[in-house]
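Chain residues, written in single-letter form:
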Amino acid sequence: MSKRIDVKDLNVYYGDFLAVEDVSINIEAKSVTAFIGPSGCGKSTFLRTLNRMHEVIPGARVEGEVLLDGDNLYGNGVDPVTVRSQIGMVFQRPNPFPTMSIRDNVLAGVKLNNKKISKGEADVLVERSLKGANLWNEVKDRLDKPGSGLSGGQQQRLCIARAIAVEPQVILMDEPCSALDPISTLAIEDLINELKDQYTVVIVTHNMQQAARVSDKTAFFNIAGTGKPGKLIEFGDTHTIFSNPVEKATEDYVSGRFG
Amino acid sequence: MTATSLTSTQGAGRAGDKVFSGAALAAGCLILAVLFGVALFLVVQAIPALTAPAAEIQGGAGFFAYIWPIVIGTLIAAVIALVIATPIAIGVALFISHFAPRGLAAALGYVVDLLAAIPSVVYGAWGATFLAREISPAYNWLADNMGWLPIFQGPASATGKTILTAGIVLSVMVLPIITSLSREIFLQTPKLHEEAALALGATRWEMIKMSVLPFARPGIISAVMLGLGRALGETMAVALVLSSGALTASLIQSGNQTIAAEIALNFPEASGLKVSTLIAAGLVLFVITLAVNMIARWIITRHKEFSGAN
């Protein structure tokens, strides 16, 4: 139920401005891949191109190929809606739908495209998804209460439950813990470890310890200066990147001698 | 720095705070005072009509018998206006905020706002001289084919000056209010929630259903209520368009009357108890508008828990 992603020679533009230059990367199925790098280096932008969410930003466009098990996401006739239903996303700030109950939030993606689901199936799916997001025990008695009443960490896990309810191939996470306290962060990190048994997970993080804790592979992005495009500097096993990187810039960054 | 500096209340900033809070309080009180003054005036002036013997009121059957047909007429005209205008306004607002290319959206928004700047007498003249004439064949068709419904019972008015025409003209007049307010609210939908829907694989319309409309719901209700306020109180257009008469169920015959038009048409030649009667009618309109707004508030607060404000 999970697929690999291969990116070939990808350039990302905002209008005429080249934001990310010439990235090629192979993301393994059923693994956790972390993107690290300084602010503004394009790692979040690049992450968004993996499920075409960058298209929400006016003027953003890409050149190159992103292959999901060999199928180009940017091929002719590919519908971004279909792409996003296969490649889910969790955002920096928890964003459950405020007008929906916890239960409806989990089912939100499943009910899309006029799909019908019986109440019994829905109950099973809600329980399975919330258990998958380690949230079931905390909310099982208040599934009909609004999702916005939960704590920040619970809301973020609700968003993860919502993402896995549609059974995607890949889950992208854009700094999912940056708005959370350390205990909630730990809960999410534990969850990421469990998710990789079933899903391909790609996570952007500013927290290098987090990258070291949760990921199998790490990609380091950097930017030469303001107005210059972001680039992929080095990509390899997390252990190698943090202990014995090839590039000087990577070593400077992971050892804290950067910026 | 000494300890006393913590308790000092000097400085221009503090004075500015006081001036500002005073001014804001005064403005708030002024609104209440004006509203209370209007209500008081209406009540005092209306008392003679409310207490007069039934035979002396126009129609000879008392104030209640005089007022209720035009209350119903007012509500019919306003409801027709909203039924037509609300879906169109929401559609136009969504098109401007989420579908149209940026240049077109700005131009369209400007045109819609211009609609609000046209004086109501112009709408009235247009409705009376053009729309009524052009639409009367449609009324004949309705009478022939759907006449079994009481609201489309024939024979249709030959001039087309009916409550339905008045309602259509009113709908054009309330359209810009509902459209501009809805558009502003749609634009304020948090990006976060729009992206949440899109990232789940929602189409644009599904994204709007999941995140924009629920977020905008209280705002849409407020916008519709403001439109309703305008439709209830609109005078000139109705006075010109509607060939008024007794209350009738059929929307395509001449007849019916609204409170505001009734006041406008009769006030210039009224005297004595007749003036008082008309002001009492104004009081009724005031109460209806107040009630409508309170119901709207109630609808908005009923779902507060899910409003996203917490």
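Residues numbered from 1 in each chain as written. Chains lettered and ligands numbered in written order. Predicted model: local features only at pLDDT ≥ 70, side-chain atom pairs only at ≥ 80, totals over all residues.

1. Observations regarding the overall build of chain B
- Counting secondary structure elements, chain B contains ten helices and zero strands.
- Mapped in sequence order, the helices and strands of chain B form the string α-α-α-α-α-α-α-α-α-α.
- Its C-alpha atoms give chain B a radius of gyration of 25 Å, clearly above 19 Å, the size a compact globule of 310 residues would have.
- Projected onto its principal axes, the C-alpha coordinates of chain B cover approximately 85 × 55 × 35 Å.
- Within chain B, the fraction of its 310 residues that count as buried is 38%.
- Of the contacts made within chain B by residues no fewer than 6 positions apart, 77% connect residues no fewer than 24 positions apart. (Helix = DSSP H or I, 4+ residues; strand = E, 2+ residues; numbered from the N terminus. Rg over C-alpha atoms; globule rule 2.2 N^0.38 Å. Buried ≥ 20, exposed ≤ 12 C-beta atoms within 10 Å, placed from the backbone. Contact = placed C-beta atoms within 7 Å.)

2. Thoughts on the overall build of chain A
- Tallying secondary structure elements over chain A gives ten helices and ten strands in all.
- Scaling as 2.2 N^0.38, a compact globule of 259 residues should have a C-alpha radius of gyration of about 18 Å, and chain A matches this with 18 Å.
- Here chain A holds 259 residues, and the buried ones make up 48% of them.
- Within chain A, counting contacts between residues at least 6 apart in sequence, those at least 24 apart form 70% of the total.

3. Thoughts on the packing of helix 2 (residues 63–99) of chain B against helix 5 (residues 163–187) of chain B
Residues and elements named next belong to chain B.
- Relative orientation of the contacting elements helix 2 and helix 5 amounts to 35 degrees, with a least axis distance of 6 Å. Considering how the two elements wind past one another, helix 2 and helix 5 form a crossing that is right-handed.
- Across the contact of helix 2 with helix 5, the residue classes break down as 23 nonpolar, eight polar and one charged. (Axes fitted to C-alpha atoms, helices over the stretch in contact; angles between N-to-C directions. Left-handed = near helix turned anticlockwise from the far one by under 90°. Nonpolar A, V, L, I, M, F, W, Y, C, P; charged D, E, K, R; others polar.)

4. With respect to the environment of Asp22 of chain A
Residue and element names in this part refer to chain A.
- With respect to the secondary-structure elements, Asp22 resides in strand 2 (residues 17–27).
- Judged by the 14 C-beta atoms lying within 10 Å of it, Asp22 is partly exposed.
- Along the chain, Asp22 and Gln92 lie 70 residues apart, while their C-alpha atoms are 25 Å from each other.
- Apart from residues lying up to four places away in sequence, Asp22 is in contact with Asp9, Asn11 and Lys231.

5. Details of the confidence of the model for chain B
- Per-chain confidence: chain B averages 87 in pLDDT, with 93% of residues scoring 70 or above.
- Reported for the predicted complex are a pTM of 0.82 and an ipTM of 0.89. (pLDDT = per-residue confidence, 0-100.)

6. Topic: the environment of Ser180 of chain B
- Take Ser180 of chain B: it is sitting in helix 5.
- Leaving out residues up to four positions away in the same chain, Ser180 of chain B has contacts with Val112 and Asp113 of chain B.

7. Notes on the interface of chain A and chain B
- Between chain A and chain B, the contact holds 22 residues from the first and 18 residues from the second.
- Those elements giving two or more residues to the side of chain A that touches chain B turn out to be helix 2 (80–86) and strand 6 (87–90) of chain A.
- Taken together, the residues of the side of chain A that touches chain B break down into eleven nonpolar, eight polar and three charged.

8. Examining the sheet that holds strand 1 (residues 5–14) of chain A
Residue and element names in this part refer to chain A.
- Spatial ordering of the open sheet is given by 5-4-1-2-10-9-3-8-7-6, a layout of ten strands whose pairing is mixed. Looking along the sheet, the strands with just one partner apiece sit at the ends: strand 5 (71–72) and strand 6.
- Summarising the sheet, strand 2 and strand 10 (residues 230–237) pair through two bridges and their orientation is parallel. Directly across from Val20, in strand 10, lies its bridge partner Gly230.
- Lying on the sheet, helix 6 (residues 152–165) is in contact with strand 6 and strand 7 (170–174); it crosses strand 6 at an angle near 175 degrees. (Pairing = 2+ DSSP bridges.)

9. A closer look at the pairing of strand 3 (residues 32–36) of chain A
Residue and element names in this part refer to chain A.
- Within strand 3, five of the five residues are buried, which leaves the element mostly enclosed by the surrounding structure.
- Here strand 3 shows two buried faces, one formed by Val32, Ala34 and Ile36 and the other by Thr33 and Phe35.
- Direction of pairing for strand 3 relative to strand 8 (residues 200–204): parallel, over a ladder of four bridges. Each bridged residue has a counterpart across the sheet, and for Val32 the counterpart in strand 8 is Val201.

10. Brief notes about unusual backbone geometry
- Not every positive phi belongs to a glycine, and Asp9 of chain A is a case in point at roughly 50 degrees.
- By the element assignment, Asp9 of chain A lies in strand 1.
- At Asn256 of chain B, a residue that is not glycine, the phi angle is positive and equals roughly 70 degrees.
- Mapped onto the elements, Asn256 of chain B comes out in the loop between helix 8 (236–241) and helix 9 (259–266).

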